[in-house]
Amino acid sequence: MKLRTDKSADALKRAEALMPGGVSSPVRAFKAVGGQPLFIASGSGSKIRDIDGNSFLDYVMSWGPLILGHAHPAVVEAVRKALEGGASFGAPTVREIELAERVTAAMPWIEQLRFVNSGTEATMSAIRLARAATGRPGVIKFEGCYHGHVDALLVKAGSGAMTFGAPSSPGVPEDTVRHTHIVPFNDLEAVRRTLDASASEIAAVILEPVVGNMGCIPPGEGFLKGLAELCERQGVLLVLDEVMTGFRVARGGAAERYGIRPDLVTLGKVIGGGLPVGAYGGRRDLMQLVSPVGPVYQAGTLSGNPLAMAAGIATLDLLSAAGTYERLEAISQQLEQGLVNAAAEAGVAVRVQGVGSMLSLFFTDQPVTDCASALRCDTERFGRFFRGMLERGVYLPPSQFEAWFVSLAHSEEDIACTVQAAREALKQTV
Ligand code: HOZ
């Protein structure tokens, strides 16, 4: 299908004059895949429509939050009701309690939490808290994991930083990252060596338990449990960044799925149902150090925003229905298997990797287990595939190093259309 792009092209010119790259977040600019970004007008269920009137099956899903699909009626109604009662007060509201109750019921290792406005704020605050609690400055971070654009964590980072080949950003002073120790993902020995050498200076190990920001990379067998044991032995806090995986790979996130108990957890995306939100929480004794109970300062004008709380409550309530995650898992499996078959038919070597309703199709014939193996993928080919899918009405994340997200709104028919599109688009990449 030939896409109409005149209106998006005009919008891009206007946007570029006003905003770097014409976008509010780098990967959206399509620079890694060629072509120009499309300006989206609306979304409903599994589909989005751009301002030129093209319609797409969406697997970006706002980068993860929209697990129910676009504009779910229950979320729309909850937000409408909240907005009619006032958009923000900068004072406590009962909705914060209601969302906190739902989160802590699903993730009992979160004994207390604090709402913030984004995943970046959540990880930044969790690291500050871990440092304060242990009195140590060091943090172990994994190469290719992305925890938002927090200075101390913007080293060998995934997501847009990896997509644009600037994994460690200028503007982050050397001194700020002096205490950030980088190890390869899935490499327990490297963590052990780092801890053996400097445990007394390490406050925390932070990671995406299932990586979504170098494409989807699952933890190897025993990796998370091994990590939890190492942390416990060395008195180092385990911080799970579940911004992407929380309420996504299981109701209780990756901690539930892999049976581990983190000290601190960061959340975002799904718990805000598509509105800006973040949260960090965990052991009560640690959270009691947060201001105003303790001395660790952190605050925010729009934190616990009523609209975000309302969208989150409506979303988590729908997710608690019996069979929800089984259905998500089944439809995602269907997509993964369909993509594997399509690639085999097209004679293209790919790896399809997924956990729950997150997945990636990597242009490589080798397993992708860490940053080094992700970087060996053929990104040019991914760009051709991306453009071929777009022409066929499928909107994928515009980078090899981002995860696709399946929602409860995706039907079996949507998956069949996607697989058919992939069959054709993969052949074009040869
Ligand atoms: N870095 C985000 C996903 N990993 C993308 C944010 C966005 O462009 O919205």
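For the structure given in this document, a descriptive report is provided here. Please read all numbers here as calculations on a predicted model, not as lab measurements.

## Things to note about the overall build of the chain
Alright, step 1. When helices and strands are counted, the chain shows 14 helices and 14 strands.
Alright, step 2. Its C-alpha radius of gyration of 21 Å places the chain within 12% of the 22 Å reference for a compact globule of 430 residues.
Alright, step 3. Seen through its C-alpha atoms, the chain measures out along the principal axes to roughly 60 × 55 × 50 Å.
Alright, step 4. Out of the 430 residues in the chain, the part that is buried amounts to 56%.
Alright, step 5. Considering only intrachain contacts with a sequence separation of at least 6, the fraction spanning at least 24 residues in the chain is 73%.
Alright, step 6. Total accessible area computed for the chain in this model is approximately 17400 Å², and 52% of it derives from carbon and sulfur atoms.
Alright, step 7. Mean positive and mean negative side-chain charge positions of the chain (40 and 45 charges, respectively) differ by 3 Å.

## A closer look at the packing of aromatic side chains
Alright, step 1. The tally for this structure, following the rule as stated, stands at ten aromatic pairs.
Alright, step 2. For the pair Y59 and W404, a centre-to-centre distance of 6.0 Å together with 45° between the ring planes defines the contact as tilted. Taken together, the residues Y59 in the loop between β3 (55-58) and α2 (73-84) and W404 in strand β14 (residues 404-405) connect sequence positions 345 residues apart. For the pair formed by Y59 and W404, the shared burial category is buried.
Alright, step 3. Following the ring pairs from residue to residue traces out a cluster consisting of F30, F56, F386 and Y395.

## Describing the side chain of S360
Alright, step 1. Position of S360 relative to the elements: it lies in strand β12 (residues 358-362).
Alright, step 2. On the basis of relative accessibility, which here comes to 1%, the residue S360 falls in the buried class.
Alright, step 3. At a separation of 3.4 Å, a polar atom in the side chain of S360 contacts the main-chain carbonyl oxygen of E402.
Alright, step 4. Look past the residues within four positions of S360 in its chain and what remains in contact with it is G215, C216, R351, V352, Q353, E402, A403 and W404.

## Side note on the side chain of E201
Alright, step 1. In this structure, E201 sits in the loop between α6 (188-198) and β7 (202-207).
Alright, step 2. R178 provides the closest opposite charge to the buried, unpaired E201, separated from it by 7.3 Å.
Alright, step 3. Among the polar contacts made by the side chain of E201, one reaches the side chain of H179 at a distance of 3.2 Å.
Alright, step 4. Not counting chain neighbours up to four residues away, the residues in contact with E201 comprise R136, P137, G138, H179 and H181.

## Quick word on the site of the ligand
Alright, step 1. Around the ligand, the neighbouring residues are S25, R28, W63, Y146, S159, N213, M244 and E402.
Alright, step 2. S25 is positioned with one of its side-chain polar atoms (N or O) 2.9 Å from an oxygen atom of the ligand.
Alright, step 3. Within the contact set of the ligand, an oxygen atom lies 3.1 Å away from a side-chain nitrogen or oxygen of W63.
Alright, step 4. Bound to the protein, the ligand loses 86% of the 290 Å² it would expose on its own.
Alright, step 5. A breakdown of the residues in the shell around the ligand according to their chemical character gives three nonpolar, three polar and two charged.

## A short note on the environment of S44
Alright, step 1. Assignment of secondary structure puts S44 in strand β1 (residues 40-44).
Alright, step 2. Look at S44 and you get exposed, because its relative accessible area is 51%.
Alright, step 3. As for S44 and A422, which are separated by 378 residues in sequence, their C-alpha atoms are 22 Å apart.

## Some words on the packing of helix α3 (residues 94-106) against helix α10 (residues 306-319)
Alright, step 1. The geometry of α3 relative to α10 is characterised by a closest axis approach of 9 Å and an angle of 35° between their N-to-C directions. Read as a crossing pair, α3 and α10 show a hand that is left-handed. Residue-level contacts link R95, E96, E98, L99, R102 and V103 of α3 to P306, M309, A310, G312, I313, L316 and D317 of α10.
Alright, step 2. Counted by class, the contact of α3 with α10 contains seven nonpolar, one polar and five charged residues.

## Let's talk about α10
Alright, step 1. Its 14 residues place the ends of α10 20 Å apart at the C-alpha level, agreeing with the 20 Å of an ideal helix rising 1.5 Å per residue.
Alright, step 2. Of the residues making up α10, those classed as buried are P306, L307, A308, M309, A310, A311, G312, I313, A314, T315, L316 and L319.
Alright, step 3. Looking at the buried positions of α10, the neighbouring elements they touch are α2, α3, β4 (112-116) and α11 (324-346).
Alright, step 4. Looking at where α10 begins, the residue whose side-chain oxygen comes 3.0 Å from the main-chain nitrogen of L307 is N305.

## With respect to the sheet that holds β14
Note: strands within a sheet are paired through backbone hydrogen bonds, in either parallel or antiparallel orientation.
Alright, step 1. The strand order across the open sheet built from three strands is β11-β12-β14, with neighbouring strands paired in antiparallel fashion. Looking at strand neighbours, the two that pair on one side only are β11 (351-355) and β14, the edges of this open sheet.
Alright, step 2. Note that β12 and β14 share two bridges and pair antiparallel. Looking at β14, one finds that L359 is bridged to W404.

## Description of the sheet that holds strand β8 (residues 237-241)
Alright, step 1. Taking strand neighbours across the sheet as the criterion, the seven strands line up as β4-β10-β9-β8-β7-β5-β6 in an open arrangement whose pairing is mixed. Bordering the open sheet on either side are β4 and β6 (180-183), each of which pairs with just one other strand. Averaged over all pairs of adjacent strands, the angle between strand axes in this sheet comes to 20°, irrespective of strand direction.
Alright, step 2. With five bridges joining them, strand β9 (residues 264-268) and strand β10 (residues 278-282) adopt antiparallel strand pairing. Counterpart to L267 in the pairing with β10 is A279.
Alright, step 3. Lying over the sheet, α3 contacts β4 and β9, oriented at roughly 125° with respect to β4.

## Comments concerning helix α7 (residues 223-234)
Alright, step 1. Over its twelve residues, α7 extends 17 Å from the first C-alpha to the last, a length consistent with the 16 Å expected when each residue adds 1.5 Å.
Alright, step 2. Turning to α7, its buried residues number three or more, namely F223, L224, G226, L227, A228, L230 and C231.
Alright, step 3. Against β5 (138-142), α6, β7, β8 and α8 (253-258) lie the buried residues of α7.

Conventions we followed
- Residues numbered from 1 in each chain as written.
- Predicted model: local features only at pLDDT ≥ 70, side-chain atom pairs only at ≥ 80, totals over all residues.
- Heavy atoms only, no water.
- Helix = DSSP H or I, 4+ residues; strand = E, 2+ residues; numbered from the N terminus.
- Rg over C-alpha atoms; globule rule 2.2 N^0.38 Å.
- Buried < 20%, exposed > 50% of the residue type's maximum accessible area, 1.4 Å probe, protein only.
- Contact = heavy atoms within 4.5 Å.
- Areas by Shrake-Rupley, 256 points an atom, 1.4 Å probe, with all protein chains shown as cover.
- Lys, Arg positive; Asp, Glu negative; His and termini not counted.
- Charge placed at Lys NZ, Arg CZ, Asp CG, Glu CD.
- Phe/Tyr/Trp six-rings, centres within 6.5 Å; stacked < 30°, edge-to-face > 60°.
- Polar contact = N/O pair within 3.5 Å; in protein donor to acceptor, adjacent residues only side chain to side chain.
- Salt bridge = Lys/Arg side-chain N within 4 Å of Asp/Glu carboxyl O.
- Near = heavy atom within 4 Å.
- Nonpolar A, V, L, I, M, F, W, Y, C, P; charged D, E, K, R; others polar.
- Axes fitted to C-alpha atoms, helices over the stretch in contact; angles between N-to-C directions.
- Left-handed = near helix turned anticlockwise from the far one by under 90°.
- Expected span 1.5 Å × (residues − 1).
- Pairing = 2+ DSSP bridges.

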